[in-house]
Amino acid sequence: MLRPLSLLFFIKKSKVNSAGKTSIFLRITLDGRRCEFSVHRKVHLDYWNSRTQIVMGNSAEAQEINRYLSVITNEIYSIQQNFEREDVSYSASDMRDVLFGKDKTKKMLLEIFQEHNDEVDSLVGKDFAAGTAERYRTCKKHVAAYVKKKYKKNDIPVQDVDHQFITGLEYYLKTTRKCAHNSAIKYITNFKKIIRIAHANDWIDKDPFLHWKGKLKIVEREFLTEEEIQKIIKLDLKMERLDQVRDIFIFCCFTGLAYADVKKLNRVDISKGADGEEWVKTKRSKTDTRSNIPILPIAKVIIEKYKDNELLIEKDLVLPVLSNQKMNAYIKEIATLAGITKNLTFHLARHTFATTVTLTNGVPIESVSKMLGHTNLKTTQHYAKILDMKVSKDMAILRSKFK
């Protein structure tokens, strides 16, 4: 069964030349989506019949134009039948391109995505972090699953991606894939890069993201209080695996290092600063920005504890960091043993450094931002917004002045 198709020849009265003539346009509407273009013929404004969509009169010029319009009509319907016979996806724009001999090989959406991902993979460690490559791989899987579900195809031409496709993908991620709002928006933003590549290469006529606005919701980041940190430190852990994970977690609470950064922390990353004290000087895996962090006493004790570990010496690493999955699983065990009801994840240690360890104790936000390796102060300001404890301390000083 052929898809609903309508053709309309029309003129634009506002674009009449000095001779009183204007171009004839054809509007192809397929499944409610339009494509308009000039058919490269002009007609005098007074001789165009908009109701019958032909040139009035019996002149040779009128007859030639009307025959031409009839040929185009027949060709468009023939092109549609060919597309249907070949069982390929097509749009009104595709029909126009075939009509004018511009039907170059279609660029397929998931093929472009894979080409991009292959490039990112080859640049991991140079221009991209491994986590970035993984996010693009996951994003492509989600887009592929959505295409399969919506179109019952393994791939579609990139020209078929429109605003409706994008909003449909967002809905799919939030419902079928159960993604939280911010996760869904981040995947769509990753996908946006693929479409921008297609647009830059003229594989699509316009950017379907033009009217899409994806806004992230501000999430209140959880962190440990000073009392909760002490509970974890004082735990008498009999199991070596839990003891190690506790050490690394506490180390990150007092250095602000993320999982990827503490895992790769090398002995040469620890050196003496201009102040004569030991510092962690490393580059963040995520952003490739430098983090310079003074080593606080408790972090120094943990480094000393593992300095003679033969396996670490062999690999030139500082701490025995397990897989992210195991670290997160074991830190939840530790939280239960410490009587902490918060949903502990390993990344929460970084939040704790930003809030309880630094900002609450009066370290300026610019210094905290630099230690965390943030590229934008706004990122660090998310932590400052939630510090009622800091506000309370500041106001206590002010209160004492007014006594």
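Preceding this paragraph is the structure being described.
All values reported here derive from a predicted model rather than from experimental measurement.

Scoring rules and cut-offs
Residues numbered from 1 in each chain as written. Predicted model: local features only at pLDDT ≥ 70, side-chain atom pairs only at ≥ 80, totals over all residues. Heavy atoms only, no water. Phe/Tyr/Trp six-rings, centres within 6.5 Å; stacked < 30°, edge-to-face > 60°. Lys NZ or Arg CZ within 6 Å of the ring centre and 35° of its normal. Pairing = 2+ DSSP bridges. Helix = DSSP H or I, 4+ residues; strand = E, 2+ residues; numbered from the N terminus. Axes fitted to C-alpha atoms, helices over the stretch in contact; angles between N-to-C directions. Buried < 20%, exposed > 50% of the residue type's maximum accessible area, 1.4 Å probe, protein only. Expected span 1.5 Å × (residues − 1). Contact = heavy atoms within 4.5 Å. Core = buried A, V, L, I, M, F, W, Y, C linked by side-chain atoms within 4.5 Å. Parallel < 35°, antiparallel > 145°, perpendicular 65-115°, else oblique. Nonpolar A, V, L, I, M, F, W, Y, C, P; charged D, E, K, R; others polar.

(A) Just the packing of aromatic side chains, in detail. Per the stated rule, a full pass over the model turns up twelve aromatic pairs. Through a chain of ring-to-ring contacts, the aromatic side chains of Phe 113, Tyr 146, Tyr 151, Phe 165, Tyr 172, Phe 191, Phe 209 and Trp 212 assemble into a single cluster. In this structure, Arg 27 is placed above the aromatic ring of Phe 10, and the distance from its NZ or CZ to the ring centre is 4.9 Å. A cation sits over an aromatic face here: Lys 107 above Trp 203, 4.5 Å from the ring centre.

(B) Quick look at the sheet that holds strand β8 (residues 290-294). Spatial strand order, β6-β7-β8: three strands in an open sheet with antiparallel pairing. With one partner strand each, in any of the chains shown, β6 (270-272) and β8 form the two edges of the open sheet. Direction aside, neighbouring strands of the sheet carry axes that sit 30° apart on average. As paired elements, β6 and strand β7 (residues 278-283) share three bridges and run antiparallel to each other. Considered in β7, the bridge of Ser 271 is made with Trp 279.

(C) Molecular detail of unusual backbone geometry. Unlike most non-glycine residues, Asp 31 shows phi in positive territory, near 55°. By the secondary structure assignment, Asp 31 is in the loop between β2 (21-30) and β3 (33-44). Exposure remark for Asp 31: the relative accessible area of 40% places this residue in the partly exposed category. Not every positive phi belongs to a glycine, and Lys 152 is a case in point at roughly 60°. Its location among the elements puts Lys 152 in the loop between α4 (130-151) and α5 (163-175). Taking the relative accessible area as the measure of exposure, Lys 152 reaches 65% and is therefore exposed.

(D) Region of the structure containing the sheet that holds β2. A sheet is described by the order of its strands in space; here three strands give the open sequence β1-β2-β3, paired in antiparallel fashion. Strand pairing shows two members of the sheet lacking a second neighbour, β1 (5-11) and β3, which therefore form its edges. Each strand of the sheet is rotated relative to its neighbour by a mean of 20°, with strand direction disregarded. Two elements, β1 and β2, share seven bridges in a ladder whose sense is antiparallel. Paired with Leu 7 across the two strands is Ile 28, which belongs to β2.

(E) Geometry of helix α6 (residues 181-200). Over its 20 residues, α6 extends 28 Å from the first C-alpha to the last, a length consistent with the 28 Å expected when each residue adds 1.5 Å. Every buried residue of α6 is listed here: His 181, Asn 182, Ala 184, Ile 185, Tyr 187, Ile 188, Asn 190, Phe 191, Ile 194, Ile 195 and Ala 198. Buried-residue contacts for α6 involve α3 (109-122), α4 and α5. The positive-phi residue at the C-terminal boundary of α6 is Asp 202, with phi of around 60°.

(F) Geometry of the environment of Ile 185. Checked against the element boundaries, Ile 185 lands in helix α6. Contact partners of Ile 185, with chain neighbours within four places excluded, come to Glu 170, Trp 212, Gly 214, Lys 215 and Leu 216.

(G) Broad picture of the pairing of β2. The buried fraction of β2 amounts to nine of the ten residues, a majority that puts the element mostly inside the structure. Where β2 and β3 come together, nine bridges link them in antiparallel fashion. Pairing of Thr 29 across the sheet is with Arg 34, part of β3. Hairpin connection from β2 to β3: two residues lie between these consecutive antiparallel strands, with Asp 31 at a positive phi of about 55°.

(H) The arrangement of the nonpolar core in detail. Counting 50 residues, the largest nonpolar core has Ile 232, Phe 249, Phe 251, Val 262, Leu 319 and Leu 344 as its most contacted members. Core analysis: the second largest hydrophobic core is formed by 31 residues, Phe 113, Val 161, Leu 173 and Ile 194 among them.

(I) Spatial organisation of the pairing of β7. Counting the residues that bridge the hairpin from β6 to β7 gives five residues, and of these Gly 276 lies at a positive phi of roughly 85°. Pairing of β7 with β8 involves five bridges; the strand directions are antiparallel. What sits directly across from Val 280, in β8, is Ile 293.

(J) Representation of the packing of α3 against α4 within the structure. Orientation of α3 relative to α4, taken along the N-to-C sense of each, is 170°, at an axis distance of 10 Å. Taken as axis vectors, α3 and α4 run roughly antiparallel relative to one another. Counting all contacts with α3, which are made through Leu 109, Leu 110, Phe 113, Gln 114, His 116, Asn 117, Val 120 and Asp 121, the residues of α4 involved are Ala 133, Tyr 136, Arg 137, Cys 139, Lys 140, Val 143, Ala 144 and Val 147. Taken together, the residues that form the contact of α3 with α4 break down as ten nonpolar, three polar and three charged.

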